[in-house]
Amino acid sequence: MTGAAVEKRRHRVVVIGSGFGGLFACKHLKNADVDVVLISKTSTHLFQPLLYQVATGILSTGEIAPATRIVLRKHHNTQVILGEVTHIDLAAKTVTSRLLNEDTVTEFDSIILATGAQQSYFGNDRFATYAPGMKTIDDALELRARILGSFEEAEVAKTQEERDRFMTFVVVGAGPTGVELAGQIAELADRTLVGCFRNIDPRDARVILLEGAGAVLAPMGPKLGSIAQRRLEKMGVEIQLNAMVTDVDARGVVVKDKDGSQRRIEAACKVWSAGVQASSLGKLVAQQSDGTEVDRAGRVIVEPDLTIKGHPNVFVVGDLMSVPGVPGQAQGAIQGATYAAKQIKAEVAGKQTPEQRKPFHYFNKGSMATVSRFSAVCQIGKLEFGGFLAWLIWLVLHLYYLIGYRSRVVTVFQWFVAFLGRNRGQMAATEQWVFARLAMEAMNGNEEDRREVRGELGENAADAGKSGANQTPSPSAGRSAV
Ligand SMILES: Cc1cc2nc3c(=O)[nH]c(=O)nc-3n(C[C@H](O)[C@H](O)[C@H](O)COP(=O)(O)OP(=O)(O)OC[C@H]3O[C@@H](n4cnc5c(N)ncnc54)[C@H](O)[C@@H]3O)c2cc1C
């Protein structure tokens, strides 16, 4: 600028992502002498550990996904921008985000990149059409509609073969998410839905948990894995280990066993919870660095201070960072984001330089997974145990980390209803929840797909609009979708 006085602006931190990493970065920068701009493609802070309870009708989305803008309302130094980050230019120090057709370019002095990871289908992305993952609110609502829709289809099925297919639920991957989901589908069938149908008995549902490796909850060790396995089997879940899924289609899955033989499982409802792929923004910044690389899952192999080579102002945290010994869990993201925020605060205050940073140190607080109501497995240091006590600890910790007083109160109430009684408070599902993702994907696909979908949606969208928001999916919804 010539002639005019240039107003000196404060140090600007651009935080990308509103998950655990993004939110905790903002919380720790609240009273710092910086301006914070949080950019995220979702308008909420999603508490992913309870997604499976949304998918199985225990909680509503409101309890686990408060609006980020409202959570950060009292952070007067923070602006929230909704948009998908499409480009980061480290040389120009700009971040470009897109909301619908509108691009926004934001300048930064420091970045905290916390865009997490997505479901990985190990190169078979077409599986996603029939076996959605569970990473987002949309995923959880789609799964709820698919699970409940399958029971609806079974009720009106014309043949036993069809009925069996609709009553078979396949969960791929026996990590914490797969274990929790399989347990909840079994409880839904054995408790909540009992007596609700006239042609089927929901207790006849088969819930099959497929795992390519040789153990359930492998990262948590053999003791906790076998506790979880025994509990699931007692609930009637069929666990098949060393079972690799090699194909997925509308009517079922193909499984390859350890001996190399292949077999089919006919199942209308499939869920994918096997593997993650980091956000592509990790690779984008690594490519602009002085030699930082990404690992096979696309996570950024960061420096000891969680930055990339040659850019001490670019922090990568959470599921997107690769640090030995740090698991892809909420604590990794929270601690990484807190560390990054502290470094920025200290340096803006002139208390240290990037060269004086102490390396990031992860404090392992343990890990846990629920198996069913009143049963979980828990690992704290060398202590490993399962059962009711583990479940109580799980309950208290999850309530503690839920954002907002209202969410906690409502969640406790919903848990009372679901765990002490038989009912679940969130059993609504609509046809749109099953179709919307596929329709949007087709809309973003080639012109031919778009034409086809526009034609299809002309009728279906109008029908869905008429059907309102609080209905179970019509039998036809599941049939063509699953
Ligand atoms: C089903 C499930 C259950 C889990 N259970 C547990 C558990 O019991 N305990 C535990 O400790 N951990 C659990 N985890 C893992 C935990 O949720 C993650 O480790 C944690 O969420 C990682 O935080 P993050 O901030 O790195 O990423 P995320 O929480 O995934 O947040 C990523 C954010 O980035 C945004 N984003 C992504 N791409 C872009 C883009 N291009 N532009 C703008 N914004 C973008 C997203 O919208 C999102 O807001 C679970 C995860 C899942 C999926």
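Residues numbered from 1 in each chain as written. Predicted model: local features only at pLDDT ≥ 70, side-chain atom pairs only at ≥ 80, totals over all residues. Heavy atoms only, no water.

(A) Main features of the overall build of the chain. Counting its regular elements, the chain contains 15 helices and 23 strands. The C-alpha atoms of the chain give 23 Å as radius of gyration, which agrees with the globular expectation for 482 residues (23 Å, within 12%). Projecting the C-alpha coordinates of the chain onto the three principal axes gives extents of approximately 80 × 60 × 50 Å. Expressed as a percentage of its 482 residues, the buried residues of the chain come to 51%. When contacts within the chain are restricted to residue pairs at least 6 apart in sequence, long-range pairs at least 24 apart make up 64% of them. If you average the places of the 55 positive and of the 51 negative side-chain charges in the chain, the two averages end up 7 Å apart. (Helix = DSSP H or I, 4+ residues; strand = E, 2+ residues; numbered from the N terminus. Rg over C-alpha atoms; globule rule 2.2 N^0.38 Å. Buried < 20%, exposed > 50% of the residue type's maximum accessible area, 1.4 Å probe, protein only. Contact = heavy atoms within 4.5 Å. Lys, Arg positive; Asp, Glu negative; His and termini not counted. Charge placed at Lys NZ, Arg CZ, Asp CG, Glu CD.)

(B) Local environment of helix α7 (residues 176-192). The end-to-end C-alpha separation of α7 is 23 Å, in line with the 24 Å expected for 17 residues at 1.5 Å each. With 14 of 17 residues buried, α7 is to be regarded as a mostly interior element. (Expected span 1.5 Å × (residues − 1).)

(C) Spotlight on the site of the ligand. Looking at the ligand, there are 27 residues lining it, with G21, T42, Q48, V85 and D319 nearest. Between an oxygen atom of the ligand and a side-chain N or O atom of S40, the distance comes to 3.3 Å. Residue V85 places a main-chain N or O atom 2.8 Å away from a nitrogen atom belonging to the ligand. Contact with the protein chains hides 89% of the accessible area of the ligand, taken as 990 Å² for the molecule alone. (Near = heavy atom within 4 Å. Polar contact = N/O pair within 3.5 Å; in protein donor to acceptor, adjacent residues only side chain to side chain. Areas by Shrake-Rupley, 256 points an atom, 1.4 Å probe, with all protein chains shown as cover.)

(D) The arrangement of the UniProt feature "transmembrane region" (unreviewed entry) in the chain in detail. On the UniProt side, "transmembrane region" (unreviewed entry) is annotated at positions that read residues 385-403 here. For residues 385-403, the end-to-end C-alpha separation is 27 Å, with 74% helix and 16% strand making up the annotated structure. (UniProt positions renumbered as here; feature names shortened; annotations may be inferred.)

(E) Representation of the nonpolar core within the structure. Counting 122 residues, the largest nonpolar core has I88, I112 and F151 as its most contacted members. With eight residues, the single largest contributor to this core is helix α5 (residues 137-156). Composition of this core by domain shows at least three residues from each of domain 1 (11-41 + 83-119 + 277-356) and domain 2 (125-274). Ranked by size, the runner-up nonpolar core spans 17 residues in total, among them F127, A128, V245 and A274. (Core = buried A, V, L, I, M, F, W, Y, C linked by side-chain atoms within 4.5 Å. Domains from an automatic or database assignment.)

(F) Region of interest: the environment of F374. The residue F374 is located in the loop between β21 (367-372) and β22 (375-380) in this model. What F374 contacts, discounting residues up to four positions off in sequence, is G387, F388, W391, F419 and L420.

(G) Layout of the packing of helix α1 (residues 20-28) against helix α10 (residues 330-348). At their nearest, the axes of α1 and α10 sit 8 Å apart, and the two run at 35° to each other. You can see that α1 and α10 cross each other, and the crossing is right-handed. Here α1 contributes F20, G21, F24, A25 and H28 to the contact with α10, which in turn contributes A330, A333, I334, A337, T338, A341 and K345. Across the contact of α1 with α10, the residue classes break down as eight nonpolar, three polar and one charged. (Axes fitted to C-alpha atoms, helices over the stretch in contact; angles between N-to-C directions. Left-handed = near helix turned anticlockwise from the far one by under 90°. Nonpolar A, V, L, I, M, F, W, Y, C, P; charged D, E, K, R; others polar.)

(H) Here's a closer look at the pairing of strand β10 (residues 206-210). β10 sits mainly inside the fold: four of its five residues count as buried. Here five bridges tie strand β9 (residues 168-172) to β10, and the two strands are oriented parallel to one another. When the sheet's bridge partners are listed, T168 is paired in β10 with R206. Two strands pair when backbone bridges link them, and β10 and strand β11 (residues 238-240) are joined in this way by three bridges, in the parallel orientation. (Pairing = 2+ DSSP bridges.)

(I) The arrangement of the sheet that holds strand β5 (residues 94-99) in detail. The three strands are arranged β4-β5-β6 in an open sheet whose pairing can be described as antiparallel. If you trace the sheet from one side to the other, it starts and ends with β4 (84-89) and β6 (102-107), each paired once. Adjacent strand axes in the sheet meet at a mean angle of 20°, parallel and antiparallel pairs treated alike. With six bridges joining them, β5 and β6 adopt antiparallel strand pairing. Considered in β6, the bridge of T94 is made with E107.

(J) Representation of a nonpolar patch on the surface in the model. A surface patch of nonpolar side chains, about 300 Å² in accessible area, is lined by L82, L99 and L100. One can find L100 in the loop between β5 and β6. (Patch = residues over 30% accessible without salt bridge, like charges linked within 9 Å, V, L, I, M, F, W, Y side chains within 5 Å. Salt bridge = Lys/Arg side-chain N within 4 Å of Asp/Glu carboxyl O.)

(K) Focus on the sheet that holds strand β19 (residues 311-316). With mixed pairing, six strands are arranged side by side in an open sheet as β3-β2-β1-β7-β19-β18. Of all strands in the sheet, those bounded by a partner on one side alone are β3 (78-82) and β18 (307-308). As paired strands, strand β1 (residues 11-16) and strand β2 (residues 34-40) are joined by six bridges and run parallel to one another. Residue pairing across strands places V14 opposite V37, the latter belonging to β2.

(L) Inspection of helix α13 (residues 431-444) at higher detail. In a regular helix each residue adds 1.5 Å, so 14 residues correspond to 20 Å; α13 covers 20 Å between its end C-alpha atoms and thus fits that length. The largest bend along α13 measures about 25° and falls at R437. (Bend = angle between axes of the 7 residues up to and from the residue.)

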